[in-house]
Amino acid sequence: MVFESLAASLRGYTHILLTLVTNWQYLGAIALGALIGALARRKDGRIPRPDHRAPLVLAFGVLALLFSGYVCTVITRPVFGSSVVTVNRLWNDYLFLLLLLLVGAGGLLGNWAVRRYRRGTGPVVAGATLLCVGVTVVLAVALRDLGSDMQARGKAWDRQDRLLRKEAAAGVSVLSYEPLVISKMTEPFGNKGKRSWPAACVATYYHVKDITDGTRTGTQR
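Conventions used here
Residues numbered from 1 in each chain as written. Predicted model: local features only at pLDDT ≥ 70, side-chain atom pairs only at ≥ 80, totals over all residues. Heavy atoms only, no water. Helix = DSSP H or I, 4+ residues; strand = E, 2+ residues; numbered from the N terminus. Rg over C-alpha atoms; globule rule 2.2 N^0.38 Å. Core = buried A, V, L, I, M, F, W, Y, C linked by side-chain atoms within 4.5 Å. Buried < 20%, exposed > 50% of the residue type's maximum accessible area, 1.4 Å probe, protein only. Contact = heavy atoms within 4.5 Å. Expected span 1.5 Å × (residues − 1). Polar contact = N/O pair within 3.5 Å; in protein donor to acceptor, adjacent residues only side chain to side chain. Phe/Tyr/Trp six-rings, centres within 6.5 Å; stacked < 30°, edge-to-face > 60°. pLDDT = per-residue confidence, 0-100.

Caption draft 1: Summary view of the overall build of the protein. Within the protein one finds 8 helices and 2 strands. Along the chain direction, N to C, the helices and strands of the protein fall in the order α-α-α-α-α-α-β-α-β-α. The C-alpha radius of gyration of the protein comes to 24 Å, more than 25% above the 17 Å expected for a compact globule of 221 residues. On the principal axes, the C-alpha backbone points of the protein span a range of 75 × 45 × 25 Å.

Here you go:
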């Protein structure tokens, strides 16, 4: 039983890693590190040479990331089941370490580039800067409407919360809940109804027996 759980966690963690390494936005962290590495100078103005142990430290950090990520998956899988690979907020425990490693790797890459190609730092700095700006602009455009969307969702949630509390106080044991979906936030009845645990959490929150999908019953909030 334990072996099966560990194997399932490993499969899930492999899926998470594939998601992370194919997420192009992380190129921004590498570009930032490369920019820092290309611009770093000694007090005498010369290009510094990284400590020979830097690659070893980076490799150790990668091993720490892999281990901690797998441990987090093992710990959370009994609660979230197979959805542990899609609830990306669970990954935040080790994503900060990933960002540090990417910036560090970018720093070594930028430093190596300016030492290897002695035609000045201009091309390396320009390339890293363009990549940083490009990733930032794309993310800014993608998140442009997030603030107003969250505000609208918050008002709708408050309105529904008042109604649900009123119904629960009146003795209703099964409440009709309308999912307020925005971006990839977890909501009851998500993933075509396969994600059941958020509904159970909502029912517990309002101290009722169960909740139903208001969008299917036609209930308006």
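Caption draft 2: Quick peek at the nonpolar core. Of all hydrophobic cores here, the largest spans 18 residues; its most connected members are I16, L20, W91, Y94 and L98. When residues of this core are traced back to their parent elements, those giving at least two are α1 (2-21), α3 (54-80) and α4 (92-116). For Y94, the residues in contact, after removing those within four places along its chain, are Y13, I16, L20, L65, S68, G69, C72 and T73. Grouped together as the second largest cluster of nonpolar side chains are 9 residues, L164, V202, V208 and I211 included.

Caption draft 3: Broad picture of helix α6 (residues 146-169). Look at α6: 34 Å from first C-alpha to last across 24 residues, which is about the 34 Å you get at 1.5 Å a residue. Those residues of α6 that fall on the buried side of the exposure criterion are R153, A156, Q160, D161 and L164. A positive backbone phi angle near 100° is found at G171, which sits one or two residues after α6.

Caption draft 4: Structural view of the environment of T76. Among the secondary structure elements, T76 is positioned in helix α3. Note on T76: relative accessible area 18%, which makes it buried. In this structure the C-alpha to C-alpha distance between T76 and L90, which are 14 residues apart in sequence, comes to 7.9 Å. Ignoring any residue separated from it by four or fewer positions in sequence, one finds T76 in contact with G81, V84 and L90. Within polar-contact distance, the side chain of T76 engages the backbone oxygen of C72 at 2.8 Å.

Caption draft 5: View of the packing of aromatic side chains. Counted by the stated rule, this structure contains 3 aromatic pairs. Ring centres of Y13 and Y70 lie 6.3 Å apart, and the angle between their planes is 50°; this geometry places the pair in the tilted category. One end of the pair, Y13, is in helix α1; the other, Y70, is in helix α3, and 57 residues separate them in sequence. Plain terms: the ring middles of Y205 and Y206 are 4.9 Å apart, the flat faces sit at 90° to each other, and that makes the pair edge-to-face. An aromatic cluster is built from Y13, Y70 and Y94, whose rings are joined through pairwise contacts.

Caption draft 6: Region of the structure containing the confidence of the model for the protein. For the protein, per-residue confidence averages 87 on the pLDDT scale, and 94% of positions sit at 70 or higher. In the model of the protein, helix α8 (residues 214-217) stands out as the element of lowest mean pLDDT, 72, in contrast to strand β1 (residues 174-177), which has the highest, 93.

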